[in-house]
Amino acid sequence: MEERTVFDWIEEENKGAGQAGEKEFGRMKELVKTLNEAAFAYYVDDREIMSNFEYDRLYDELAALEKSTGVTLPDSPTKSAGAGYRPVSKLVKSEHEFPALSLDKTKDRQALAGWLGGMEGVLSWKLDGLTVVLTYRNGTLLKAVTRGNGFVGEDVTHNVVHFAGVPRRIGFGGKLIVRGEAVMKYADFEKVNKELPETEAKYKNPRNLASATVRLLDPGIALTRPVTLCAFDLVYADQGADISDPNSKFSQLEWLKKQGFTVVEHTLVTSLTVEYEVGRYEEELPGNEFPTDGLVLIIDDEKYGKSLGSTGKFPRNGIAFKWQDETAETRIREVEWSASRTGLLNPVAVFEPVEIEGTTVSRASVHNVSIARSLKLAPGSGVRVYKANLIIPQIAETFDPKGETFVPSKCPVCGGPTVIRENEGIETLYCDDPGCPAKHVGRFSYFVSRDAVNVNGLSEATLEAFIDAGFVRRFPDLYHLDRYKEAIVGMEGFGERSYDNLIASVEQSRSVKFSALLNALGIPGIGKDMAKQLSRFLGENACERFRELLKERYDFSTVDGIGAVINDNIYAWADDPERFGEFEALLPELDVSDDAPAARVEAGSEGNDPVYGRTFVITGSLVNFTNRDQMIAFIEERGGRVSGSVSSKTDYLINNDVNSGSGKNKKAKELGVPVISEAEFMAMCKGN
Ligand SMILES: [Zn+2]
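Keep in mind that this is a model prediction, so the values were computed, not measured.

1. Considering the nonpolar core
Residues Phe546 and Phe556 are the most contacted members of the largest nonpolar core, which totals 56 residues. In contact with Phe556, not counting residues within four places along its chain, are Leu534, Phe546, Leu549, Leu550, Ile562, Asn567, Ile570 and Tyr571. Among the nonpolar cores identified, the runner-up in size contains 41 residues, and Val132, Leu134, Val161 and Phe261 belong to it.

2. Section: the sheet that holds strand 10 (residues 266-269)
Spatial ordering of the open sheet is given by 2-12-11-3-10, a layout of five strands whose pairing is mixed. Of all the strands in the sheet, just strand 2 (104-106) and strand 10 have a single pairing partner and so form its edges. Looking at each pair of strands side by side, their axes are set apart by 30° on average, direction ignored. One ladder, built from four bridges, connects strand 11 (residues 292-299) with strand 12 (residues 318-321); its direction is antiparallel. Counted as the bridge partner of Val296 is Ala320 from strand 12.

3. Brief notes about the confidence of the model for the protein chain
Of the residues in the protein chain, 88% reach a pLDDT of 70 or more, and the chain-wide mean stands at 83. Contacts from residues 13-18, a stretch scored under 50 in pLDDT, to residues over four places away or in other chains number nine contacts. Under a pLDDT of 50 for its full length, residues 80-86 has, in the predicted model, 22 contacts with residues more than four places off or in other chains.

4. Comments concerning the side chain of Glu277
Locating Glu277 in the fold gives a position in helix 10 (residues 274-284). The class for Glu277 is buried, based on a relative accessible area of 13%. Not counting residues up to four positions away in its chain, the partners in contact with Glu277 are Leu123, Thr267 and Val269.

5. Remarks on the packing of aromatic side chains
As enumerated under the stated definition, the model contains 23 aromatic pairs in all. A ring pair is formed by Phe444 and Phe475, whose centres lie 5.3 Å apart and whose planes are at 80°; its orientation type is edge-to-face. Taken together, the residues span a long stretch of sequence, with Phe444 in helix 13 (residues 441-447) and Phe475 in the loop between helix 14 (460-468) and helix 15 (485-489) at a distance of 31 residues. Consider the rings of Tyr554 and Phe556, whose centres lie 5.4 Å apart with planes at 70°: the pair is edge-to-face. When its relative accessible area of 26% is taken as the criterion, Tyr554 is described as partly exposed. A relative accessible area of 0% places Phe556 in the buried class. Each residue in the set Phe514, Phe537, Phe546, Tyr554, Phe556, Tyr571, Trp573, Phe580 and Phe583 is aromatic and connected to the rest through ring pairs, giving one cluster. The ring centre of Tyr430 lies 4.4 Å from the NZ or CZ of Arg421, which sits over that ring. Here the guanidinium or amino end of Arg443 rests over the ring plane of Phe444, the centre of that ring lying 5.3 Å away.

6. Looking at the packing of helix 19 (residues 542-551) against helix 20 (residues 564-574)
Two numbers describe how helix 19 lies on helix 20: the axes approach to 11 Å, and their chain directions differ by 90°. Taken together, the axis directions place helix 19 and helix 20 in an arrangement best described as roughly perpendicular. Note on element contacts: helix 20 touches helix 19 through Ile570, Tyr571, Trp573 and Ala574, opposite Phe546, Leu549 and Leu550.

7. Some thoughts on the pairing of strand 5 (residues 140-146)
Judged by how many residues are buried, strand 5 sits mostly within the fold: five of seven residues are covered. Pairing geometry for strand 4 (residues 130-137) and strand 5, over six bridges, is antiparallel. Among the inter-strand pairings, Leu134 is bridged to a residue of strand 5, identified as Ala144. Hairpin connection, strand 4 to strand 5: the antiparallel pair is bridged by two residues, and Asn138 has positive phi, about 50°.

8. Quick look at helix 18 (residues 528-538)
Met530, Ala531, Lys532, Leu534, Ser535 and Leu538 are the residues of helix 18 that are buried. Elements that come into contact with the buried residues of helix 18 comprise helix 17 (514-520), helix 19, helix 20 and helix 23 (628-637). Gly539, located one to two residues past helix 18, shows a positive phi value of around 70°.

9. Some remarks on helix 23
Here helix 23 has its buried residues at Met631, Ile632, Ile635 and Glu636. End-on view of helix 23: buried residues confined to an arc of 135°, all on one side of the axis. One or two residues past the end of helix 23 sits Gly639, with phi positive at roughly 85°.

10. Focus: the pattern of salt bridges
Inspection of every chain in the model, using the stated rule, returns 37 salt bridges. In this structure, the salt-bridge partner of Arg373 is Glu427, at a minimum N-O distance of 2.9 Å. One end of the pair, Arg373, is in helix 12 (residues 369-374); the other, Glu427, is in strand 19 (residues 426-431), and 54 residues separate them in sequence. A salt bridge links Glu544 to Arg547; the nearest nitrogen and oxygen atoms lie 2.6 Å apart. Here the residue Glu544 and the residue Arg547 both occupy positions in helix 19, the gap between them amounting to three residues, near one helical turn. Each of Arg179, Asp233, Lys249, Glu302 and Lys306 takes part in a single network of salt bridges with overlapping partners.

11. Points about unusual backbone geometry
With a phi close to 50°, Asn138 is a non-glycine residue in the positive phi region. Here Asn138 is to be found in the loop between strand 4 and strand 5. What makes Asn138 exposed here is its relative accessible area of 66%. Despite not being glycine, Asn541 shows a phi value in the positive range, around 50°. Within the element layout of this structure, Asn541 appears in the loop between helix 18 and helix 19. Classification of Asn541 as exposed rests on a relative accessible area of 53%.

12. Quick look at the pairing of strand 22 (residues 615-619)
A large share of strand 22 lies buried, amounting to five of its five residues. Covered by surrounding structure in strand 22 are Thr615, Val617 and Thr619 together with Phe616 and Ile618, the residues of both alternating faces. Judged from the three bridges that link them, strand 22 and strand 23 (residues 641-643) form a sheet pairing that is parallel. Looking at the pairing, Thr615 lines up with Arg641 of strand 23. Once the chain exits strand 22 it traverses helix 23 before rejoining the sheet at strand 23, and the crossover so formed is right-handed. Across four bridges, strand 22 lies against strand 24 (residues 652-655) in parallel orientation. Bridge pairing links Ile618 to Ile654 in strand 24.

The rules we used
- Residues numbered from 1 in each chain as written.
- Predicted model: local features only at pLDDT ≥ 70, side-chain atom pairs only at ≥ 80, totals over all residues.
- Heavy atoms only, no water.
- Core = buried A, V, L, I, M, F, W, Y, C linked by side-chain atoms within 4.5 Å.
- Buried < 20%, exposed > 50% of the residue type's maximum accessible area, 1.4 Å probe, protein only.
- Contact = heavy atoms within 4.5 Å.
- Pairing = 2+ DSSP bridges.
- Helix = DSSP H or I, 4+ residues; strand = E, 2+ residues; numbered from the N terminus.
- Axes fitted to C-alpha atoms, helices over the stretch in contact; angles between N-to-C directions.
- pLDDT = per-residue confidence, 0-100.
- Phe/Tyr/Trp six-rings, centres within 6.5 Å; stacked < 30°, edge-to-face > 60°.
- Lys NZ or Arg CZ within 6 Å of the ring centre and 35° of its normal.
- Parallel < 35°, antiparallel > 145°, perpendicular 65-115°, else oblique.
- Arc of directions from axis to C-beta.
- Salt bridge = Lys/Arg side-chain N within 4 Å of Asp/Glu carboxyl O.
- Right-handed = clockwise from strand over helix to strand, strands pointing away.

Okay, here's the thing in structure tokens:
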């Protein structure tokens, strides 16, 4: 296979075409189409529309027809990069002889001159595609490997041979290693995306498409995709290359052109000309056929550049320049007004999703009414979006405005009237209703707290941000945060990882004890302890039972420890359609379980359990239990109570330092309350 290059094979394959009958030709067309669809679905889409057996059968039929007719259709899956084509089953890892490190970045164009000092540099586009390393020997392509992590990439030779800009043969016979960027023109990107069947996911941008094409397993598909490989660096050449100045990066690129490579546009610069040249590239930017994400500046003197070494992370011989802020054009879908706890209604521009700096954004906060009005944010208005500090999406400006910004007269959360307040010329919109739920962040932070439904790691600040953004209006909304994934991931201080952690915590919180849920609802007077009491009274299927008793208008004041005031509070809550509706909407989200094993409650006595009905006080540090709350839960599960201070009603004081002189120990001794260690407590429970 090394002797015969892939190009020879392709040429031979298409040379001696004989005559095919119409019937055979039709069948071959059909087979090619079916097989390509199946391969695409399987390898690219992860979807199996045909069994391997069926694929092999059709493939063999096609191969036989091609042999008998001598015709191979241009997009036939049998057209191989190697002998005996099959789509590769996976990409094989391949180590780079010369690590491909990425460059340090700057956004400051004035810094470039200082960085160059007295040296000459080569300025070129930083193309936005996938980097591929080509190795030639004896004038032919040996292999093409993706950049990967810089040290190890994937062998993609089978696709890269089909790309424009990759010469079939070069005049130079020694070993040559070249880096290039596989890129796709904007126009071709649109075309390929449009031609994808409706069922296929469309690609987001030319980089995604170029990158997917490079890594295809089936070169039959790569063949139909117009990808260009633009060489940007000569990594290594054996002695004997007739480069006019072998030590000059500029001369090397010029030489690569002569060998037949498509080479990235490049310019020789000095500290005096670099800023001007950057400006010239910038002017070219709007007309560029290929996507770019900045410029690259490399020291021309290769030996000197290499002598600078690297910072550990970045080589010192080059620097990437990024344009100030990457912007994207899109159109407004709507302007949302999201409420905060202060009653402030913030405009949020919701637009067609666009990719900026590597993530998809679709929302940007607009801060106040004045800014929204000056930007003329209305559905359909064209806007340019950027990410401030590369993180927070912002609207830079509007083009093609479609009318004035509509400012709502009603609060989107509670429907109450809104007012515009003016301060130093800046207008802001407020909800004027004191009962507006948006103002009750506290209610939500209590709901998610540890003794309530317990959403671990959901801070009040985060909750406030979610409420502001309109992601959370009622308790059940907490269980549907995934609807706003992209917006949350893009929030300041958030990321994919913290989003995943949050969702995991939310999922975990779905299974909840009834008393914790009751506590979470925030009914005045029903805190953690009262909720447990009520739950114990309700017994088995506490949640269902609670709803039944509410319907019957059961008098809860008859329950031990629950007075008339709390009974009134319960019914004030249950009769409020807003609140009770919220509770009902919450139930399908949760898996509510009873607090204590029902049998224990039904026993109604101490039984044999020394914990049941006893009051404990815990002091000092614990050894067996991870923390005090865990021990409290253990005691309460068994029907015991835990109190904060020692009194005549205390049955046991649990203290690992039995002889400590603490106030609680003294008090216990005075009152004759036994002081036991954690180990003794455990022994007591086990003895049961
Ligand atoms: Zn409101």
